[in-house]
Every structure is written in C-alpha cells, then in structure tokens.
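These are the residues of each chain, in order.
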Amino acid sequence: MKFSLLAILSVLIVIAVACQSPQTNDANAQKSEEPATDGVFIHITKGPDHPHQVLMALQMAVMMAETQDVLVYLDIEAVHVVLKDSEDLAYSHFPTSHTQINKLVEMGVPVMACPGCLKAAEKTAGDLMEGVQVADKETFFNFTKGRILTLDY
C-alpha cells in the first residue's frame, strides 16, 4: 500500500491537533481573575487659604477609597494642612480637614507630605499629624495594581 507524502502529512497534522490540550499558565490564570483595581492619586497643592479646594480633594479621596485604591499627596502649600498644629479647615457642607484626614488614615489610605516642601516650610516628619507620612517614590507606584489616575487640586 502506497501513501502519498501529502496524506501522511495530513494524518500527522490531525494527530498533532487532536493531542494538544489547552495550555494554562500563570498569565492566562491571572487574566481570568478579577481585574486589578485602578488607583486614584489625589494631588493637593493648595493650603489653608483655599479651604474649598482642600476639602473637595479630601472628600474625593474619602469617596474614592470606598471602591478604589487611593493615595493622597500634599505638596507646596498643602503641607500646612497636615501639620499637628494646623488649622481644622471648614467650608460649606464638607466635613472638616482634620475629620477627613483622620478618616483616610483609619481607612488605611496613605496620606503623604512632600519632604522637600516640608523642608521649605522649615518643618520635619515630627511636625506631621498622626498617620501622615513623608512621601517616598516607591509608595507612589506600589499603592495599586491597576492604572493610576490622578486628580489635581
């Protein structure tokens, strides 16, 4: 019995396809898991002279932290909002600044002050409210596994 080369090749291809099982690896397994939560980076530059902007930013952070990973970063004049002796800002219907900062810290949200801006204000880490940290770049990139979305105030 003679077999043509094309017939043998066709049989080998059919056998090879039939014998293959779907491959699963870690990358495919991760794709089937729930997608990573996106993170929200709240950047506050305004200080005590702008209570509406500061309190709006803090309120957004509290609201977003209910479902997203959040990091609050305060620099420029905003470092004056997170000092132990800072004024408890109030404006309109918003909860006060101390109320919102304490809530964020209780929720486990990193609240971070710029080290260079603290130094420019002649303040140190010891001058920060309890739970507020000096910023470090590693935390900026590791607070979430998803995308990082930024809101600037």
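Relevant structure appears above.
Residues numbered from 1 in each chain as written. Predicted model: local features only at pLDDT ≥ 70, side-chain atom pairs only at ≥ 80, totals over all residues. Heavy atoms only, no water.

Asker: Tell me what's going on with unusual backbone geometry, and back it up with residues and numbers.
Answerer: Within the chain, Ser92 stands out as a residue other than glycine whose phi angle is a positive 50°. Note on Ser92: relative accessible area 63%, which makes it exposed. Of note, Glu122 is a non-glycine position whose phi angle comes to about 60°, a positive value. With relative accessibility at 72%, the residue Glu122 sits in the exposed group. (Buried < 20%, exposed > 50% of the residue type's maximum accessible area, 1.4 Å probe, protein only.)

Asker: Give me the sheet that holds strand S1 (residues 39-44): which residues, what numbers.
Answerer: Strands sit in the order S4-S3-S2-S1-S5 across an open sheet of 5 strands; the sheet is parallel. The open sheet terminates on both sides in strands that have one partner only, identified here as strand S4 (133-134) and strand S5 (148-152). As paired elements, S1 and S5 share 5 bridges and run parallel to each other. Bridge assignment links Val40 to a residue of S5, and that residue is Leu149. Strand contacts of helix H3 (residues 51-65): S1, strand S2 (69-74) and S5, with the helix running at about 165° to S1, the strand carrying the most contacts. (Pairing = 2+ DSSP bridges. Helix = DSSP H or I, 4+ residues; strand = E, 2+ residues; numbered from the N terminus. Contact = heavy atoms within 4.5 Å. Axes fitted to C-alpha atoms, helices over the stretch in contact; angles between N-to-C directions.)

Asker: Requested: an account of the pattern of salt bridges, with residues and values cited.
Answerer: Under the defined criterion, the tally for this structure stands at 1 salt bridge. The shortest N-O distance in the salt bridge between Arg147 and Asp38 comes to 2.6 Å. With Arg147 in the loop between helix H6 (137-142) and S5 and Asp38 in the loop between helix H2 (26-32) and S1, the pair connects residues that are 109 residues apart, well separated along the chain. Residue classification places Arg147 among the exposed positions, given a relative accessible area of 54%. (Salt bridge = Lys/Arg side-chain N within 4 Å of Asp/Glu carboxyl O.)

Asker: Hey, could you go over a negative patch on the surface for me, with residue numbers and the actual values?
Answerer: A cluster of acidic side chains, namely Asp49, Glu77, Glu87 and Asp88, defines a negative patch on the protein surface. Note on placement: Glu77 falls in the loop between S2 and helix H4 (97-106). Of the residues examined, Glu77 reaches a relative accessible area of 45% and is grouped as partly exposed. (Patch = residues over 30% accessible without salt bridge, like charges linked within 9 Å, V, L, I, M, F, W, Y side chains within 5 Å. Areas by Shrake-Rupley, 256 points an atom, 1.4 Å probe, with all protein chains shown as cover. Lys, Arg positive; Asp, Glu negative; His and termini not counted. Charge placed at Lys NZ, Arg CZ, Asp CG, Glu CD.)

Geometric values such as these leave the question of function open.
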